[in-house]
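Summary of structural features
If you want the building blocks of each chain, they are given just below.
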Amino acid sequence: QVQIVESGGGLVQPGGSLRLSCDASRFPFRAAAMSWYRQALGKERELVAIIITGGGVTDGTTKYADTAKGRFTISKANAKNTVYLQMNNLTPEDTAMYYCKVLTTDNNYWGQGTQVTVSS
């Protein structure tokens, strides 16, 4: 049974920071890429950031949504299938459930999500 554990969400004031973690180290194989999505109430799920984790010359390559550029940083740990999302200068518009998605050559897997609420 695949397991994805997200953590790090919470309530933060505007301008604050949070660091989300996604742990899929129990996967029996290395993910090709890992990403963070978010879904605000009443809105569609959207990509926030993605990082290549499968090795090779593109390993570590990242891509961000325009709303995340300059404020969010996705990175991977030395541990297999573990990534982080550092979020700075948060605004109320960043309030959403944040989901980790693990991409493999055969399938995609979603975590249960971690709630981020930005409010004063």
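Described in the following lines is the structure provided in the data block. (Residues numbered from 1 in each chain as written. Predicted model: local features only at pLDDT ≥ 70, side-chain atom pairs only at ≥ 80, totals over all residues. Heavy atoms only, no water.)

This part takes up the pairing of strand β7 (residues 72-76). Bridge count between β7 and strand β8 (residues 82-87): five bridges; the pairing is antiparallel. Following the sheet pairing, I74 is matched in β8 by L85. Where β7 hands over to β8, the hairpin turn is made up of five residues, of which N81 adopts a positive phi near 60 degrees. (Pairing = 2+ DSSP bridges. Helix = DSSP H or I, 4+ residues; strand = E, 2+ residues; numbered from the N terminus.)

What follows is about the sheet that holds strand β3 (residues 18-23). Overall, antiparallel pairing links the four strands, which are arranged β1-β3-β8-β7 in an open sheet. Strands at the two margins of the open sheet, each flanked by one partner only, are β1 (5-7) and β7. Geometrically, the sheet is characterised by an average inter-axis angle of 15 degrees between neighbouring strands, direction not taken into account. (Axes fitted to C-alpha atoms, helices over the stretch in contact; angles between N-to-C directions.)

Next up on the list: the pairing of strand β11 (residues 114-118). Burial along β11 is one-sided: the face carrying T114, V116 and V118 is buried and the face carrying Q115 and T117 is not. As paired elements, strand β2 (residues 10-12) and β11 share three bridges and run parallel to each other. Its bridge partner being in β11, V12 is matched across the sheet by V118. Bridge analysis of strand β9 (residues 96-103) against β11 gives three bridges, and the strand direction is antiparallel. Across the sheet, residue M97 finds its bridge partner in β11, namely Q115. (Buried < 20%, exposed > 50% of the residue type's maximum accessible area, 1.4 Å probe, protein only.)

Along the chain, D23 turns up in strand β3. Residue D23 is classed as partly exposed on the basis of its relative accessible area, which comes to 33%. Measuring from C-alpha to C-alpha, the distance between D23 and S7 comes to 8.6 Å, with 16 residues separating the pair along the chain. When neighbours within four sequence positions are excluded, D23 is seen to be in contact with Q3, I4, V5, N81 and T82. A distance of 2.6 Å separates a polar atom in the side chain of D23 from a polar atom in the side chain of S25. (Contact = heavy atoms within 4.5 Å. Polar contact = N/O pair within 3.5 Å; in protein donor to acceptor, adjacent residues only side chain to side chain.)

A few words now on the state of the cysteines. According to the stated counting rule, one finds one disulfide in the structure shown. Shown here is the disulfide that connects C22 with C100, its sulfur atoms set 2.0 Å apart. Between C22 and C100, the S-S torsion sits near -80 degrees, and that sign places the bridge as left-handed. Of this pair, C22 sits in strand β3 while C100 sits in strand β9; the two residues are 78 residues apart in sequence, bridging distant segments of the chain. Each member of the pair, C22 as well as C100, carries the same accessibility label: buried. (Disulfide = S-S within 2.5 Å.)

To continue, consider the packing of aromatic side chains. As enumerated under the stated definition, the model contains four aromatic pairs in all. Both rings, one in F27 and one in Y109, keep their centres 5.2 Å apart while their planes meet at 90 degrees; by these two values the pair is edge-to-face. Taken together, the residues F27 in the loop between β3 and β4 (33-39) and Y109 in strand β10 (residues 108-110) connect sequence positions 82 residues apart. On the basis of an interplanar angle of 70 degrees and a centroid distance of 4.9 Å, the ring pair of Y37 and W110 is categorised as edge-to-face. Of the two residues, Y37 sits in strand β4 while W110 sits in strand β10, which places them 73 residues apart along the sequence. With a relative accessible area of 36%, W110 lands in the partly exposed category. One aromatic cluster is present, built from ring pairs that chain together F27, F29 and Y109. The side chain of R19 reaches across the aromatic face of Y84, ending 3.9 Å from its centre. The ring of W110 carries the charged tip of R45 above its face, separated from the ring centre by 4.6 Å. (Phe/Tyr/Trp six-rings, centres within 6.5 Å; stacked < 30°, edge-to-face > 60°. Lys NZ or Arg CZ within 6 Å of the ring centre and 35° of its normal.)

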